[in-house]
Amino acid sequence: MAKGIEIRDAHFPGRAPIDAYGNGGFRFADMSHRGSILCLPSGIHGWEPKSPPVPTAADLVLVLEQSSEIEILLVGTGTELRRLPEELRDVLRKHRISADPMSTGAAVRTYNVLLAENRAVAAALFAVD
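The present account deals with the structure reproduced in this document. Nothing here was measured: the structure is a model prediction, and the numbers come from that model.

## A few points about the sheet that holds strand β4 (residues 31-34)
Taken together, the three strands give an open sheet; going across it, the order is β2-β3-β4, and neighbouring strands pair in antiparallel fashion. A strand with exactly one partner marks an edge of an open sheet, and here the two such strands are β2 (18-22) and β4. Within the sheet, the average angular offset between the axes of one strand and its neighbour, ignoring direction, is 15°. Across four bridges, β2 lies against strand β3 (residues 25-28) in antiparallel orientation. When the sheet's bridge partners are listed, Y21 is paired in β3 with F26.

## Things to note about the nonpolar core
Residues I18, I37, C39, L74, Y111 and L125 are the most contacted members of the largest nonpolar core, which totals 19 residues. Elements with a contribution of two residues or more to this core: β3, β5 (36-40), β7 (72-76), α3 (104-116) and β9 (121-125). Here the element with the most residues in this core is α3; it accounts for six residues. Discounting chain neighbours no more than four positions away, the residues touching L125 are I18, F26, S36, I37, C39, W47, G76, A107 and V108. Counting residues in hydrophobic clusters, the runner-up holds 18 residues, among them W47, V54, L88 and A124.

## Concerning the pattern of salt bridges
Where charged atoms from two side chains of opposite charge approach closely, those side chains can pair. Applying the stated rule across the entire model yields three salt bridges. Put simply, D90 and R93 hold a salt bridge, and the shortest N to O gap is 2.9 Å. Residue D90 and its partner R93 are located together in helix α2 (residues 86-94), separated by three residues, close to a single helical turn. Exposure remark for R93: the relative accessible area of 46% places this residue in the partly exposed category. Put simply, R119 and E117 hold a salt bridge, and the shortest N to O gap is 3.7 Å. Ionic contacts of the salt-bridge type, sharing partners, join the residues E86, D90 and R93 into one network.

Calculation notes
- Residues numbered from 1 in each chain as written.
- Predicted model: local features only at pLDDT ≥ 70, side-chain atom pairs only at ≥ 80, totals over all residues.
- Heavy atoms only, no water.
- Pairing = 2+ DSSP bridges.
- Helix = DSSP H or I, 4+ residues; strand = E, 2+ residues; numbered from the N terminus.
- Axes fitted to C-alpha atoms, helices over the stretch in contact; angles between N-to-C directions.
- Core = buried A, V, L, I, M, F, W, Y, C linked by side-chain atoms within 4.5 Å.
- Buried < 20%, exposed > 50% of the residue type's maximum accessible area, 1.4 Å probe, protein only.
- Contact = heavy atoms within 4.5 Å.
- Salt bridge = Lys/Arg side-chain N within 4 Å of Asp/Glu carboxyl O.

Given below as structure tokens:
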């Protein structure tokens, strides 16, 4: 008997550069994703943060779970640079992660460079139109 449609979390199980961004999503690894994404050592995950365009510690649970493999977290805050709350910076520091907020475009470009250099980088990227 045929099963119904199975909805799964969006996840690409590998590290890949971001080929394009805009129109509310991202292109990578010959695929596209509508919405925000987390680029982590475990792969690229669809991401639905609760308070765009500035994440909370709760939004970054996957980042914290993989903190032993991350030194730098790039936070793409949309079209404008937004400051990260001090309490979030404190949580990330406790996990030995340096957080750098910047526009999503700058974060994508920086992520691609650091990924090519095989650095311990992750990115939390808010989608832009």
